[in-house]
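Chain residues, written in single-letter form:
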Amino acid sequence: MPASSVDVEAAALLGAWLDRGAPEGEPPSLPANLPPERLGVLYERYLLTARRERGAYYTPPRLVRPLLDATLGGQDLSGALVLDPACGAGAFLVAMAERLRQGGGGGWLDRLVGRDSDPYAVKVARLALSQLAGVPLEAVQGVRVGDALRDPSLRSGSFDVILGNPPFLGEEDHGSLLAGLRGSRVGPYLQPRTDLAYLFAHLCLDLLAPGGRLGLVMPEGLLWADGASRLRRRLLDETRIEVITSVELPAAVLFPAAPGQRLCLLAVRKGPAPTHRPRVARLGECGLDVLHRAPPQGVLLAQGGMLRLGPPQAEALCERMQRNGVPLGRCFTVDTGIQAGPSRLSHKAAERLGDALAARPGEGVFVLNNEEIASLHLSAAERQFLRPFYFASELPPLGPLPPASHWLLYLTPQTCPDLTPFPNLERHLDRFAPLLQRRRETRRGTRAPFHLHWPRREELFTGPKLLSVRQTLQPRVTYAPDPAFCDLAVNVIRSRQGVCSFSLLALAALLNSTMVHHYLYHRGKRKGPLLQIDGGPLSSLPLPPWDAALDRRLTEIAQRLLAAPSSARAALCEELDHVVAEAYGAAGPASLARMVWQQRLD
């Protein structure tokens, strides 16, 4: 959207003030018709790259207003003490200031408390509040530079309302930062695979007074991630969850600089409420819409510790599938694919290493296409290391697998203890030496630079198996009877020896059905509309009771699907859904399919 002339003028004035160090005695003379809440939007144009690297982004108004409404309800705000522990440029504080002013009574400015580690963001927040209150900058005392996670002045149980959008920083890329919090007040809440946002939420629960209200913008992983398991348990045991939402807007609309981030909104009241049924809502283009009530908090955790937030009809169907089924992991093994380290040269790695690399972004390292293989002029001895490789995007539902267009250099301590006898491969990998030397296992001395980082066992990929895409809009499981290698984006399913269960072809048909889609949508992990079908949810997926007749019928439908032209597949898929729904003792597939597709469209 083009900037207004008022915004352009104000942005220039604000930028100049920040460039001068934001002196409190010389606040910028901003346009009189500029609303104070616009200052945060303008500050985003001057946001430091370092701040974004700390996981901090300005909170847009289309998130602020709905979260305030969901959190506050009809609460009497007279005398309420309000905190934003990661206030940034003050989006929530300014919105709360307006609510406190509307409620009447004086002294509202003194009841607003904010902390943030960015001194310029704090300056902007204080400027906005001073303009709203009509007081000098130095009169805004409650908003200060600081780290709320270590601030002793923030006393437990002292705040009536806490609102915020804490920074999202995962352990994978920020392990040392999180480890440094072990001695802080949130140290007891550290757990593997956590996120800084979850630790802020723990802090907020500690600081909240009995009966107080908490509203947070959270990573979507709050609903299912292993690193949020303690937080979910605390929320269910210590609070009444008023509203929990998914955000269906494209992330780029809300946070253009972080388009891949998925969000949820959380509004709770402090105090246990095991029989309370939270409202499940959706934030769309027009605001917050309540969809349905979740199960009571006392039974809200599903198998695996994820939150069960589906509508009653969907939850009842999942319960029936689970009650009558047998976990897939009892009959089949589930393994991850290979971590080549890397498969192909990423733009990020190429940019980081610069001139040290004699290669261009996109080139194959351990996974090469047909043209790249031809350019290496491999000898017969070198070609023995080539294995057919498939990226997740190349795997069709059920099958058949297309001819391989990529090949994996299967170089392991067992297959290739020494690369010297293979000069063409040695020259190829030498071009990527600076990158390969940086790998963790290579630095530790447990992997040679020319070996795959984590090759897995070769037999996982050579015999009959199913290849299951981990992140997908709907289950995509491919029957692969012949050698086919894949990376971490794919799970490998194989039959357990000595266990009587479905044939792999029958299981492939079952896993591509609408019933399984329904179960994974409501009881598995999700990233926005995408299913995140990791090994845990896949292993716990309930299969219908096995019998030989059902196995034959599923196998026969799968064989017909594999041989059918695309024009005939829709009718066969409907037949498959009918058979699978009947096997689970569930409702007809037509109504089920409509429910699943409507959820995706909603």
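Everything below is about the structure shown above.
Residues numbered from 1 in each chain as written. Predicted model: local features only at pLDDT ≥ 70, side-chain atom pairs only at ≥ 80, totals over all residues. Heavy atoms only, no water.

Undergrad: Sorry, what's going on with the overall build of the protein chain here?
TA: Check the secondary structure of the protein chain and you find 25 helices and 21 strands. Relative to its length of 602 residues, the protein chain is compact, with a C-alpha radius of gyration of 28 Å against a globular reference of 25 Å. By its C-alpha atoms, the protein chain is 80 × 60 × 45 Å across when sized along the principal axes. The buried share of the protein chain, taken over its 602 residues, is 54%. Here the analysis covers contacts within the protein chain between residues at least 6 apart in sequence; of these, 71% occur between residues at least 24 apart. (Helix = DSSP H or I, 4+ residues; strand = E, 2+ residues; numbered from the N terminus. Rg over C-alpha atoms; globule rule 2.2 N^0.38 Å. Buried < 20%, exposed > 50% of the residue type's maximum accessible area, 1.4 Å probe, protein only. Contact = heavy atoms within 4.5 Å.)

Undergrad: Sorry if this is basic, but what is going on with the packing of helix α23 (residues 548-563) against helix α24 (residues 566-584) here?
TA: Describing two packed helices takes the angle between their axes plus the distance from one axis to the other. Look at α23 against α24: their axes get within 10 Å of each other, and the N-to-C directions meet at 165 degrees. Overall, the two elements α23 and α24 adopt an arrangement that is roughly antiparallel. The way α23 lies across α24 gives a crossing that is left-handed. Contacts from L550, R553, L554, I557, R560, L561 and L562 in α23 reach R569, L572, C573, E575, L576, V579, V580, E582 and A583 in α24. Its residues assigned to classes, the contact of α23 with α24 comprises eleven nonpolar, no polar and five charged. (Axes fitted to C-alpha atoms, helices over the stretch in contact; angles between N-to-C directions. Parallel < 35°, antiparallel > 145°, perpendicular 65-115°, else oblique. Left-handed = near helix turned anticlockwise from the far one by under 90°. Nonpolar A, V, L, I, M, F, W, Y, C, P; charged D, E, K, R; others polar.)

Undergrad: Whenever I open this one, unusual backbone geometry confuses me. Can you help?
TA: Excluding glycine, most residues fall at negative phi; most peptide bonds, likewise, are trans. For the bond from G341 to P342, the omega torsion is -5 degrees, close enough to zero to count as cis. With respect to the helices and strands, the residue P342 is situated in the loop between β11 (332-336) and α13 (347-353). With omega at -5 degrees, the peptide bond leading from G399 into P400 counts as cis. Checked against the element boundaries, P400 lands in the loop between β13 (386-389) and β14 (406-409).

Undergrad: Looking at this structure, how should I read the nonpolar core?
TA: What tends to happen in soluble globular proteins is that the nonpolar side chains get buried as a cluster. Judged by nonpolar contacts, the single largest core of 97 residues is most densely connected at L14, M96, L112, L129 and M218. The dominant element in this core, judged by the number of residues it contributes, is helix α8 (residues 196-207), at ten residues. Sequence-distant contacts of M218, that is, excluding residues within four places in its chain, are made with P166, F168, A197, Y198, A201, L231, R262, L263 and C264. (Core = buried A, V, L, I, M, F, W, Y, C linked by side-chain atoms within 4.5 Å.)

Undergrad: Help me understand helix α5 (residues 91-102), please; the structure alone is not making it clear to me.
TA: An α-helical turn contains 3.6 residues, so a residue and the one three or four places further along point in the same direction. Here α5 spans 17 Å end to end across twelve residues, near enough to the 16 Å set by a 1.5 Å rise per residue. The buried fraction of α5 is high, at nine of twelve residues. Buried residues of α5: A91, F92, L93, V94, A95, M96, A97, E98 and L100, and no others. (Expected span 1.5 Å × (residues − 1).)

Undergrad: Please clarify how the pairing of strand β15 (residues 465-469) should be interpreted in this entry.
TA: Among the five residues in β15, five count as buried, and that is most of the element. Along β15, one buried face is formed by K465, L467 and V469 and the opposite face, lined by L466 and S468, is buried too. Taken together, the four bridges between β15 and strand β17 (residues 477-480) define a ladder with antiparallel strand orientation. Bridging across to β17, L466 finds its partner in Y479. Pairing geometry for β15 and strand β18 (residues 490-495), over four bridges, is antiparallel. Pairing of L467 across the sheet is with V492, part of β18. (Pairing = 2+ DSSP bridges.)

Undergrad: Can you walk me through the pattern of salt bridges in this structure?
TA: Between side chains of opposite charge, pairing is possible as soon as their charged atoms come close. Applying the stated criterion across every chain, the model contains 28 salt bridges. For D226, the salt bridge goes to R193, with nearest N and O atoms at 3.4 Å. Of the two residues, D226 sits in the loop between β5 (208-219) and α9 (229-238) while R193 sits in the loop between α7 (171-179) and α8, which places them 33 residues apart along the sequence. One salt-bridge network, in which partners are shared between bridges, spans R308, E315, E319 and R523. (Salt bridge = Lys/Arg side-chain N within 4 Å of Asp/Glu carboxyl O.)

Undergrad: I keep staring at the sheet that holds strand β16 (residues 471-472) and nothing clicks. Help me out?
TA: Paired through backbone hydrogen bonds, the strands of a sheet run either parallel or antiparallel to each other. The strand order across the open sheet formed by three strands is β16-β20-β19, and the pairing between neighbours is antiparallel. The open sheet is flanked by β16 and β19 (525-527), the only strands paired with a single partner. Pairing of β19 with strand β20 (residues 530-532) involves three bridges; the strand directions are antiparallel. Opposite K525, over in β20, you have Q532 as the bridge partner.

Undergrad: Looking at this structure, I do not really get the packing of α5 against helix α6 (residues 119-133). What am I missing?
TA: Running from N to C, α5 and α6 point in directions that differ by 20 degrees, and their axes come no closer than 10 Å. The angle between α5 and α6 falls in the class roughly parallel. In terms of crossing hand, the pair formed by α5 and α6 is right-handed. Judged by residue contacts, L93, V94, A97, E98 and R101 of α5 engage A128, L129 and L132 from α6. When grouped by side-chain class, the residues that make up the contact of α5 with α6 number six nonpolar, no polar and two charged.

Undergrad: Help me out: how do you make sense of the packing of aromatic side chains in this one?
TA: The description of an aromatic ring pair uses the distance of the two centres, along with the angle that the planes make with each other. Applying the stated rule across the entire model yields four aromatic pairs. Linked through ring pairs, Y410, F461 and F485 together constitute an aromatic cluster. One cation-aromatic arrangement involves R447 over W454; the distance from NZ or CZ to the ring centre is 5.0 Å. Lying across the ring of Y521, R526 places its NZ or CZ 4.0 Å from the centre. (Phe/Tyr/Trp six-rings, centres within 6.5 Å; stacked < 30°, edge-to-face > 60°. Lys NZ or Arg CZ within 6 Å of the ring centre and 35° of its normal.)

Undergrad: Just checking my understanding: could you explain the sheet that holds β14 for this structure?
TA: An order of β12-β14-β13 is seen for the three strands of this open sheet, with the pairing classed as antiparallel. The open sheet terminates on both sides in strands that have one partner only, identified here as β12 (367-369) and β13. Across the sheet, the mean angle from the axis of one strand to that of its neighbour is 40 degrees, orientation sign disregarded.

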